[in-house]
Every structure is written in structure tokens, then in C-alpha cells.
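# Examination of the molecular architecture
Single-letter residue listing:
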Amino acid sequence: MPDERRLLNKILTGIIIFLVVVIISGTVFGLLNKKNNTPEILISQGKAESLMAPADTAEVTYFELGTLRISTAGEKSEESGTIMVLSPWLAYPAGDTILFEEISRKSGAIKGIFQAYFSARTKNQLLTETEEHIEAVIKDEINADLALGKISDIYFTDYLFLE
């Protein structure tokens, strides 16, 4: 009887060790081969396409800045603002690779322009402004920052206030 127990314990110990090795090696393999397949990366690699993207034409191409989450100003100075979610697209002349590279390089500063504009206004102010006015003001600020070309328009696929 004790010999059978020792044999059973050895078999169970071997199975446990095997399972632990498989789990650890699988975890290490998964972490080493981890790919950042976020929608933005897949779209930039041409492996995916945004279903809400404006259609590129022979005259115009679009640059997606990704989804921005911005806190608007509070109605009163002691209040926090409303969280806003936007997905802006910048229109520029098709085939203008120099402007595309400049926009890519300055995308952080361009996102900062959106951040500064929306965080300086309350939700009510933003709701009373027309989309054309908002786009014109932001477009002018972005174009003032660009040296190698100008964007022709801004489009939003997302423009939401989270409650």
C-alpha cells in the first residue's frame, strides 16, 4: 500500500510540475510576442480601415488623430467639467506627402490645440457654438502651426459628451 501511494504521489507531482511549466512558458511566450494591435496601429499599417472614416478622394486625403478624451471647463470655477470624446480627421490635398509628414510629426501639438480649445469652454458654450465655427477656429490655429502646407477642413466622427 505505501508503495502505491508513493507512485501515485510521484505521478501527481509530475503532472503538477508539467502544468506549471506549460503555464509559465505560455505566459512568457505570450508576453514576448505581444503585439500592440490597437485600432489606430492597425489603421496606420493599412491592415484595418475605420468604418466611420471620411472617404479619400482624388483631391483630398484624411489624417486621423485618434480618439481624444478631453475634460471641458466647469460651469463654476469649483466644479469639474464634462468629459468629451472626439475623433477628429484633418483633410489635406491628396498626394501631399510633405504635409502628411509634417502633420504626423506635429500630431502631439495638434492634439494639444484640440485640448486647449475644448478644455477652455464649458459644455453649454460648446453646445451653443456651431460646428462650422469650432472647425474654423481650430483649423486656423492648426494652419498657423504648419509650415509646409495647410489643412483644408476638419471632420469629427465622434463628438460626444459623457455624463
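## Some details on the packing of aromatic side chains
Scanning all chains against the criterion turns up seven aromatic pairs. Taking 6.0 Å as the distance between ring centres and 70° as the angle between the ring planes, the aromatic pair formed by F118 and Y159 counts as edge-to-face. Here F118 is found in helix α4 (residues 107–119), whereas its partner Y159 is found in strand β4 (residues 153–162), with 41 residues between them in sequence. A centroid spacing of 6.1 Å and a plane angle of 90° characterise the contact between Y159 and F161, whose relative ring orientation is edge-to-face. Its relative accessible area of 18% is what places F161 among the buried residues. Linked through ring pairs, F114, Y117, F118, F156, Y159 and F161 together constitute an aromatic cluster. The ring of Y117 is capped by R121, whose NZ or CZ atom sits 3.7 Å from the centre of that ring.

## Observations regarding the pairing of strand β3 (residues 83–93)
Within β3, nine of the 11 residues are buried, which leaves it mostly tucked inside the rest of the structure. Pairing geometry for strand β1 (residues 60–64) and β3, over five bridges, is antiparallel. Bridge pairing in β3 places E64 opposite W89. As paired strands, strand β2 (residues 68–71) and β3 are joined by four bridges and run antiparallel to one another.

## Regarding the pattern of salt bridges
This model, assessed by the stated rule, comprises two salt bridges. The salt bridge involving R121 is made with E129; its shortest N-O contact spans 3.4 Å. Classification of E129 by relative accessible area gives partly exposed; the value is 22%.

## What to know about α4
Relative to the 18 Å expected for 13 residues at 1.5 Å per residue, α4 spans 18 Å between its end C-alpha atoms, a close match to the ideal helical length. Along α4, the positions that sit buried rather than exposed are S107, I110, I113, F114, Y117 and F118. Around the axis of α4, the buried residues are gathered within 115° of arc, so they sit on the same side.

## Comments concerning the side chain of E135
One can find E135 in helix α6 (residues 131–145). Of the buried charged residues, E135 lacks a salt bridge, with K139 as the closest side chain of opposite charge at 8.0 Å.

## Notes on the confidence of the model for the protein chain
In this model, the protein chain carries an average pLDDT of 83, and 83% of its residues clear a pLDDT of 70 or more. Confidence, expressed as mean pLDDT per element, reaches its minimum in the protein chain at helix α2 (residues 39–44) with 59 and its maximum at α6 with 93.

The rules we used
- Residues numbered from 1 in each chain as written.
- Predicted model: local features only at pLDDT ≥ 70, side-chain atom pairs only at ≥ 80, totals over all residues.
- Heavy atoms only, no water.
- Phe/Tyr/Trp six-rings, centres within 6.5 Å; stacked < 30°, edge-to-face > 60°.
- Helix = DSSP H or I, 4+ residues; strand = E, 2+ residues; numbered from the N terminus.
- Buried < 20%, exposed > 50% of the residue type's maximum accessible area, 1.4 Å probe, protein only.
- Lys NZ or Arg CZ within 6 Å of the ring centre and 35° of its normal.
- Pairing = 2+ DSSP bridges.
- Salt bridge = Lys/Arg side-chain N within 4 Å of Asp/Glu carboxyl O.
- Expected span 1.5 Å × (residues − 1).
- Arc of directions from axis to C-beta.
- Lys, Arg positive; Asp, Glu negative; His and termini not counted.
- pLDDT = per-residue confidence, 0-100.

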